[in-house]
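Listed below are the residues making up each chain.
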Amino acid sequence: MEQLDIAGQKGISLGAIAHQAGRATDMMTQVRSAMLSPTSRKTAPTFNLSQLALMLDIEKGPLSHRMNKGDLPAGRLNTAGTRREFTLAEARTWIREYRKERLRPAGAEAVTISIGNFKGGVGKTTTAMTLAQGLTLLGHKVLVIDTDPQGSLTTLFGKLPDAEVTEQDTILPLILGQEDSIRYAIRPTYWDGIDLVAAAPSLFGAEFALPSRQTQEPEFEFWNVLHYGIDDVRPDYDVIVIDTPPSLSYTTINAFMASNGIVMPLPPNALDFASAAQFWSIFSDLTDELLTRRGLDKEFDFLHILLSRVDSADVTANIVRQWIQTTYAEKVLPVEIPKTAVTATASAEFGTVYDVERYDGNAKTFKRARDAYDLFVSYVETSIQSVWRKQVHSPTLPPMTPVASTRNRMGK
């Protein structure tokens, strides 16, 4: 067999790596210019009269009649004058009016949810984004906190983490003890109802800062920095969604300790199943060391396992699905997020199914993907409402039974 000659390969210096990083950033900027408008230009979808009626679960006739009262946004005719359209903000005004009995009751505060998994590629960031968007389409106001230094969730909001996000836009000043509240980092986004605390590569510094502070400050609790940091803003939001790094890092532990509930996206794949098992084992050991041995405790209101990226053509998926069901039992949500061309296309365009106004592919495929996310959001909202009832000690908040939603079909 002929031996390949690779002796002529040049060494790669740190300067060359820096140059490569610059080229990668430049290319990312070009890609985004072609496929993703920055936050200032990225726009949320608009909705026609039929879609708004579906979102409100009423017929078009009663909706048109209610519009005549003039107390809710009337939208506007499109440029062709053929249909009436509503912005996301206008649609949310209607939704909040029609769902007011299911929104956060007086005396309750934001329910915090962490999206976590030990490894990447399981749909974690997409889950965080779609959960936040879906909840706003149910009338809720959401704060999203990106704690992953890679900033994938920040990118979905139209901001390049390494070029457009400063340290003051992230949780790092909070981690360093320069700030006591997360409020300084909160920014509005293109999506009405969602505010963002962004992430940037500088967040890697948190993995050094937190243990350093722990050794230097005797009373310091590194695992509670984010928990205390969001206390100030809990009354301002209905839900806080935290996207975590694909590892059990110091920031991931902070996110979990600050949360009422955890959602773990988990594909029915043997390697992902094994990784998840390791995740919970390590997390259990850590909490035993940090809390139990100190006489402390932490109780989560819910823990949901979401079957994600489910490939219907994968013959082993059914076997792993049974493993997951046996292991996590009632924690497994009765909904699966399919691996479809819809989600692949949306991801390639730095968006989600909720960003899609027109889908040029198979309508049934889009409906299947959209229905799955709608149902997932509905189940999580049920858990959120349960936490609110506990907060206000009220059994009167109307319960919600999740059903396969038909609202807000955006294929126009």
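So, a few notes on the structure that sits alongside this text.

Conventions adopted
Residues numbered from 1 in each chain as written. Predicted model: local features only at pLDDT ≥ 70, side-chain atom pairs only at ≥ 80, totals over all residues. Heavy atoms only, no water. Phe/Tyr/Trp six-rings, centres within 6.5 Å; stacked < 30°, edge-to-face > 60°. Helix = DSSP H or I, 4+ residues; strand = E, 2+ residues; numbered from the N terminus. Buried < 20%, exposed > 50% of the residue type's maximum accessible area, 1.4 Å probe, protein only. Lys NZ or Arg CZ within 6 Å of the ring centre and 35° of its normal. Pairing = 2+ DSSP bridges. Contact = heavy atoms within 4.5 Å. Axes fitted to C-alpha atoms, helices over the stretch in contact; angles between N-to-C directions. Expected span 1.5 Å × (residues − 1). Arc of directions from axis to C-beta. Polar contact = N/O pair within 3.5 Å; in protein donor to acceptor, adjacent residues only side chain to side chain. Core = buried A, V, L, I, M, F, W, Y, C linked by side-chain atoms within 4.5 Å. Salt bridge = Lys/Arg side-chain N within 4 Å of Asp/Glu carboxyl O.

### Some remarks on the packing of aromatic side chains
Then comes step 1: All chains considered together, the criterion is met by 10 aromatic pairs.
Then comes step 2: Geometrically, the ring pair formed by Phe 256 and Phe 283 is edge-to-face, given 5.2 Å between the ring centres and 85° between the ring planes. One end of the pair, Phe 256, is in helix H11 (residues 250-257); the other, Phe 283, is in helix H12 (residues 270-290), with 27 residues separating them in the sequence.
Then comes step 3: Exposure remark for Phe 256: the relative accessible area of 0% places this residue in the buried category.
Then comes step 4: Note on Phe 283: relative accessible area 7%, which makes it buried.
Then comes step 5: A network of ring pairs unites the aromatic residues Phe 256, Phe 279, Trp 280 and Phe 283 as a single cluster.
Then comes step 6: The residue whose ring lies beneath Lys 141 is Tyr 237, and the NZ or CZ to ring-centre distance is 5.1 Å.

### A short note on the pairing of strand E7 (residues 194-197)
Then comes step 1: Burial along E7 is two-sided: the residues Ile 194 and Leu 196 and Asp 195 and Val 197 are all buried.
Then comes step 2: The pairing of strand E5 (residues 142-146) with E7 spans four bridges and is classified as parallel. Opposite Val 144, over in E7, you have Leu 196 as the bridge partner.
Then comes step 3: By the bridge criterion, two bridges tie strand E6 (residues 187-188) to E7 in an arrangement that is antiparallel. Bridging across to E7, Pro 188 finds its partner in Asp 195.
Then comes step 4: Connecting E6 to the next strand, E7, in antiparallel fashion are five residues, including Gly 193 with a positive phi near 100°.

### A short note on the sheet that holds strand E8 (residues 239-243)
Then comes step 1: Strand order in the open sheet formed by eight strands is E6-E7-E5-E8-E4-E9-E10-E11, with mixed pairing between adjacent strands. Looking at the sheet topology across the chains shown, the edges are occupied by E6 and strand E11 (332-338).
Then comes step 2: Those strands touched by helix H15 (residues 363-392) are strand E4 (111-115), E8, strand E9 (261-266), strand E10 (302-310) and E11, and its axis lies near 150° from that of E11.

### A look at the sheet that holds strand E1 (residues 47-48)
Then comes step 1: Taken in spatial order, the three strands line up as E1-E3-E2 in an open sheet, and their pairing is antiparallel. One side of each edge strand has no neighbouring strand; the edge strands of this open sheet are E1 and strand E2 (76-77).
Then comes step 2: Contacts from helix H4 (residues 88-98) reach E1, E2 and strand E3 (84-86), with the element oriented near 85° to E3.

### What about H12?
Then comes step 1: Spanning 21 residues, H12 covers 30 Å between terminal C-alpha atoms, matching the ideal 30 Å at 1.5 Å per step.
Then comes step 2: Within H12, the full set of buried residues consists of Asp 272, Phe 273, Ser 275, Ala 276, Phe 279, Trp 280, Phe 283, Thr 287 and Leu 290. Across the axial projection of H12, the buried residues extend over an arc of 160°, all falling on one side. Opposite the buried face of H12, at more than 90 degrees from it, the exposed residues are Leu 271 and Asp 285.
Then comes step 3: Of the surrounding elements, those touching the buried residues of H12 are H11, E9, E10 and helix H13 (317-328).
Then comes step 4: For H12, the N-terminal capping position is held by Asn 269, with its side-chain oxygen 2.9 Å away from the main-chain nitrogen of Leu 271.

### Here's the deal with the nonpolar core
Then comes step 1: Judged by nonpolar contacts, the single largest core of 58 residues is most densely connected at Ile 113, Leu 131, Val 144 and Phe 376.
Then comes step 2: With sequence-adjacent residues up to four places away left out, Leu 131 is seen in contact with Ile 113, Ile 115, Val 241, Phe 376, Val 377 and Val 380.
Then comes step 3: Within the second largest apolar cluster, 51 residues are counted, among which are Leu 143, Leu 248, Ala 255 and Leu 266.

### What about the pattern of salt bridges?
Then comes step 1: Counted under the stated rule, the structure contains 20 salt bridges.
Then comes step 2: For the salt bridge of Glu 97 with Lys 100, the shortest nitrogen-to-oxygen distance reads 3.2 Å.
Then comes step 3: Owing to a relative accessible area of 53%, Lys 100 belongs among the exposed residues under this scheme.
Then comes step 4: For Glu 381, the salt bridge identified is with Arg 99, shortest N-O distance 2.9 Å. Taken together, the positions of Glu 381 in helix H15 and Arg 99 in the loop between H4 and E4 put the pair 282 residues apart, joining distant regions of the chain. Taken individually, Glu 381 and Arg 99 each receive the classification buried, so the pair is uniform in this respect.
Then comes step 5: Among the charged side chains, a network of salt bridges with common partners joins Arg 66, Asp 71, Glu 97 and Lys 100.

### Overview of the pairing of E9
Then comes step 1: Burial within E9 is extensive, with six of its six residues counted as buried.
Then comes step 2: Taking every second residue as pointing to the same face, both faces of E9 are buried, with Gly 261, Val 263 and Pro 265 on one and Ile 262, Met 264 and Leu 266 on the other.
Then comes step 3: Examined bridge by bridge, E4 and E9 share three bridges and lie parallel to one another. Considered in E9, the bridge of Ile 113 is made with Gly 261.
Then comes step 4: One ladder, built from six bridges, connects E9 with E10; its direction is parallel. The residue of E10 that forms the bridge with Pro 265 is Leu 306.

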